[in-house]
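Remarks on the overall topology
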Amino acid sequence: MSLLKVDDIHVYYGAIHAIKGVSFEVNEGEIVTLIGANGAGKSTTLNTVAGLLKPRSGLITFDGKPLNNVPAAKTVSLGMALCPEGRRIFQQMTVKENLEMGGYTRPAKEVPASIEEMFERFPRLKEREKQIAGTLSGGEQQMLAIARAMMSKPRLLMLDEPSMGLAPILVEQIFDIIKELHAAGVTILLIEQNAQAALSVADRAYVMETGNITMEGPADELLHNDDVRKAYLGD
Amino acid sequence: MISLLSTLLNGLSLGSVYAIIALGYTMVYGIAKMLNFAHGDVIMIGAYISFSAILYWNVPPILGFLLAMLVCTVLGIVIERLAYKPLRQATSLAVLITAIGISYLLQNGAQLIWGANTKAFPTMVSLPNATLFGGSITISNNTISLLGDQLKISGNMLVTILACVVIMVALTLFINKTKMGKAMRCVSEDKGAAELMGVDVNKTISLTFAIGSALAAVAGVLLCTSYPVLQPTTGAMPGIKAFTAAVFGGIGSIPGAMVGGILLGIIEKLGQTYVSDQLGDAFAFAVLIIVLLVKPTGLMGKKVHEKV
Ligand SMILES: Nc1ncnc2c1ncn2[C@@H]1O[C@H](COP(=O)(O)OP(=O)(O)OP(=O)(O)O)[C@@H](O)[C@H]1O
Ligand SMILES: [Mg+2]
């Protein structure tokens, strides 16, 4: 059954029509990826689902409930978390405080145990518990951003270019983490520049071009599709 | 030597008031990213409220003071809701002009209610007369005399400095240790990311105005106990000075506002005592300009670490 359903949304930035009727869905337990060139509207789509932007028309439903007038601050408690483009961790707070903020909507007494869980999954963060997040390396910051999003115990985790700017070895690590989270039962909606890696890990994929979805299908099919290979895999 | 010490104490007391006002500017700037130029006038309203409560309604000074805090808290929240919130997406110039408008509204409103002539502010602090430590400290006429009568500290000064210390400690704990305080720091850094955590940004901004305005009331009462003349423009000059102090310390930074306020008070008093009685302000502003030339972000301005 579909956990997230986006139905014909249109999103504008002032007069700019950024999303022109996008529809897709994410089923419980899937990894779905959204690929496309720079400026295609991938981040805009995720930000709209998370409630940071309002669609001018169309319908978004999460777990069967309409989300259109739900502000971003409320979508977290419904069970979705967005790990935004550019990480946007709180640079001036410590690693631990960032994780605490990730658990902002959860009962205070459950938060320390969840932080410990994150430290188990990301031992690099535990060593740096008291470090100011802005001084972490790029890879560490990305791990913190993912861990922070996981702190709300989301059913749907949305990741906006988690491998951006990372060395190949770290990209591999990030994708391992995505697989682990998925194995632990989290549904994942993933945006990636690295289409090869994204299609390899995903169940299904959508291709976006200038505000529209132009192709969709099982990820391994798209991975072997000639048009996709030419446009996004550099063949 | 004693005269220097006495000047420093006077400066510390004046600086404490600046620091308390500067906290309001800096918190609002840090969170709502706007300069609330009406902040100085909230100080004046606070002073008038406690003045009226004590002299007209015969309320004990401490209750008059608490009432002023309450009224200013509500006033701050209302100003934000009605005047600034609709302008969240507007240009900063539009917000600035609105703030100046609110400032005039408050001044003219006060003039309408309390009249334009100056009022003598009542005594808020009364110390019991006493002789302590075999006469090395004597308290009389609300003044503490130390060092064989050479150093005098007024009760007002003492209360002002103590209030400032209490506020600094309480606010630092609040910002760093409580969930709400941490949410405020998040909103100040990145509103969107804070929302993604589940933080209600509107509520956080309201809370910031509430705290800033309550502090303004405290500053108003403290200011008027030390300089007991009250008129509708009473808040304007201390407001500008405290704004200067906030910039001096690094606008947006809470420790910066504290340090900036206290230093500005001390510099002003040193300037008055050792340079020229009339040039205290000019001296203080000159120091500000030099600091900003050397360090444009202010003494404790935030360095943002960014990694791609
Ligand atoms: N705040 C904004 N104001 C105006 N236009 C915007 C804004 N944010 C994005 N856009 C425009 O909307 C379109 C979609 O942008 P979006 O960030 O969603 O693309 P993207 O697919 O995530 O690209 P990338 O892969 O580079 O991250 C682009 O043309 C972009 O210029
Ligand atoms: Mg993007």
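This one's a predicted model, so the numbers in the text were calculated from it and none came from an experiment. (Residues numbered from 1 in each chain as written. Chains lettered and ligands numbered in written order. Predicted model: local features only at pLDDT ≥ 70, side-chain atom pairs only at ≥ 80, totals over all residues. Heavy atoms only, no water.)

**Describing the overall build of chain A**
In terms of helices and strands, chain A carries 10 helices and 10 strands. In terms of C-alpha radius of gyration, chain A reaches 17 Å, essentially the compact-globule figure of 18 Å for 235 residues. Scored against the burial criterion, the 235 residues of chain A give a buried share of 56%. In chain A, the share of contacts with a sequence separation of at least 24, taken over all contacts with a separation of at least 6, comes to 66%. For chain A, the distance from the average site of its 24 positive side-chain charges to the average site of its 30 negative ones is 7 Å. (Helix = DSSP H or I, 4+ residues; strand = E, 2+ residues; numbered from the N terminus. Rg over C-alpha atoms; globule rule 2.2 N^0.38 Å. Buried < 20%, exposed > 50% of the residue type's maximum accessible area, 1.4 Å probe, protein only. Contact = heavy atoms within 4.5 Å. Lys, Arg positive; Asp, Glu negative; His and termini not counted. Charge placed at Lys NZ, Arg CZ, Asp CG, Glu CD.)

**Some remarks on the coordination of the magnesium ion (ligand 2)**
All names here are of chain A. All of the protein donors around the magnesium ion (ligand 2) are Ser-43 (OG), Glu-85 (OE) and Glu-85 (OE); their distances to the metal are 1.9 to 2.7 Å. Of this pair, Ser-43 sits in helix 1 (residues 42-50) while Glu-85 sits in the loop between strand 6 (80-83) and helix 3 (95-102), and the two are 42 residues apart along the sequence. Residue classification places Ser-43 among the buried positions, given a relative accessible area of 16%. Judged by its relative accessible area of 35%, Glu-85 falls in the partly exposed class. (Donors = N, O, S within 2.8 Å, 3.2 Å for Na, K, Ca; no water.)

**A word on the environment of B:Val218**
Residues and elements named next belong to chain B. For Val-218, the location among the structural elements is in helix 8 (residues 201-226). A relative accessible area of 5% means that Val-218 is categorised as buried. Taking C-alpha positions, Val-218 is 18 Å from Ser-103, a pair spaced 115 residues apart along the chain.

**Notes on the side chain of A:Thr44**
Structurally, the position occupied by A:Thr44 is in helix 1. For A:Thr44, a relative accessible area of 9% corresponds to the buried category.

**Observations regarding the sheet that holds strand 3 (residues 31-36) of chain A**
Residues and elements named next belong to chain A. Strands sit in the order 6-7-8-3-9-10 across an open sheet of six strands; the sheet is mixed. Strand pairing shows two members of the sheet lacking a second neighbour, strand 6 and strand 10 (212-218), which therefore form its edges. Along the sheet, successive strands turn relative to each other by an average axial angle of 15 degrees, direction set aside. Against the sheet, helix 1 makes contact with strand 3, strand 6, strand 7 (156-160), strand 8 (187-191) and strand 9 (204-209), and its axis sits at roughly 150 degrees relative to strand 7, the strand it touches most. Together, strand 6 and strand 7 form the strand contacts of helix 6 (residues 138-150), whose direction differs from that of strand 6 by roughly 165 degrees. (Pairing = 2+ DSSP bridges. Axes fitted to C-alpha atoms, helices over the stretch in contact; angles between N-to-C directions.)

**Notes on the pairing of strand 3 of chain A**
Residues and elements named next belong to chain A. Strand 3 sits mainly inside the fold: six of its six residues count as buried. Neither face of strand 3 is open: one carries Ile-31, Thr-33 and Ile-35, the other Val-32, Leu-34 and Gly-36, and all of them are buried. As defined by bridge partners, strand 3 adjoins strand 8 across four bridges and the pair is classed as parallel. Bridge pairing in strand 8 places Val-32 opposite Leu-189. Taken together, the five bridges between strand 3 and strand 9 define a ladder with parallel strand orientation. Bridge pairing links Ile-35 to Val-207 in strand 9.

**What about the packing of aromatic side chains?**
Aromatic rings considered in pairs are described by the distance between their centres and by the relative angle of their planes. Residues and elements named next belong to chain B. In this structure the tally under the stated criterion is seven aromatic pairs over all chains. Measuring from centroid to centroid gives 6.5 Å for Tyr-25 and Phe-37, while their planes differ by 65 degrees, and the two rings are edge-to-face. In this pair, Tyr-25 sits in helix 1 (residues 2-32) while Phe-37 sits in the loop between helix 1 and helix 2 (39-55), placing the two residues 12 residues apart along the sequence. On the accessibility criterion, Tyr-25 (3% relative accessible area) is buried. Phe-37 gets classed as partly exposed once you look at its relative accessible area, which sits at 25%. Summarising the aromatic geometry, the rings of Tyr-25 and Phe-243 are spaced 5.6 Å apart at their centres and angled 55 degrees between planes, so their arrangement reads as tilted. One end of the pair, Tyr-25, is in helix 1; the other, Phe-243, is in helix 9 (residues 236-249), and 218 residues separate them in sequence. (Phe/Tyr/Trp six-rings, centres within 6.5 Å; stacked < 30°, edge-to-face > 60°.)

**Examining the side chain of B:Gln107**
Residues and elements named next belong to chain B. Here Gln-107 is to be found in helix 4 (residues 92-114). Gln-107 gets classed as buried once you look at its relative accessible area, which sits at 13%. Among residues more than four places away in sequence, those in contact with Gln-107 are Asp-41, Met-44, Pro-232, Thr-233 and Ala-236.

**What to know about the packing of helix 9 of chain B against helix 10 (residues 254-275) of chain B**
Residues and elements named next belong to chain B. As a packed pair, helix 9 and helix 10 sit with axes 7 Å apart at the nearest point and diverge in direction by 120 degrees. The pairing of helix 9 with helix 10 is recorded here as oblique in orientation. In the crossing of helix 9 with helix 10, the sense of the turn from one axis to the other is right-handed. Residues Lys-241, Thr-244, Ala-245, Phe-248 and Gly-249 of helix 9 form the contact with helix 10, whose own contacting residues are Gly-256, Gly-260, Gly-261, Leu-263, Leu-264, Ile-267 and Glu-268. Within the contact of helix 9 with helix 10, the residues separate by chemical class into five nonpolar, five polar and two charged. (Parallel < 35°, antiparallel > 145°, perpendicular 65-115°, else oblique. Left-handed = near helix turned anticlockwise from the far one by under 90°. Nonpolar A, V, L, I, M, F, W, Y, C, P; charged D, E, K, R; others polar.)

**A short note on the site of ligand 1**
All names here are of chain A. Close to ligand 1 lie 14 residues, the nearest being Lys-42, Ser-43, Thr-44, Glu-85 and Gln-193. Measuring from an oxygen atom of ligand 1, one finds a side-chain N or O atom of Glu-161 at 3.2 Å. Within the contact set of ligand 1, an oxygen atom lies 2.7 Å away from a side-chain nitrogen or oxygen of Gln-193. Notes on ligand 1: free accessible area 630 Å², of which the protein chains cover 62%. Secondary-structure elements contributing two or more residues to the shell around ligand 1 are strand 2 (16-27) and helix 1. Here the shell around ligand 1 gets three residues from one element, more than from any other, and that element is helix 1. (Near = heavy atom within 4 Å. Polar contact = N/O pair within 3.5 Å; in protein donor to acceptor, adjacent residues only side chain to side chain. Areas by Shrake-Rupley, 256 points an atom, 1.4 Å probe, with all protein chains shown as cover.)

**Describing unusual backbone geometry**
Trans peptide bonds make up most of the peptide bonds, and negative phi angles are found at most residues other than glycine. Residues and elements named next belong to chain A. For Arg-87, which is not a glycine, the phi torsion comes out positive at approximately 65 degrees. Tracing the chain through its elements places Arg-87 in the loop between strand 6 and helix 3. Of note in the backbone geometry, Arg-88 takes a positive phi value of approximately 50 degrees without being a glycine. Its place among the elements puts Arg-88 in the loop between strand 6 and helix 3.

Just geometry here; none of it tells us what the structure is for.
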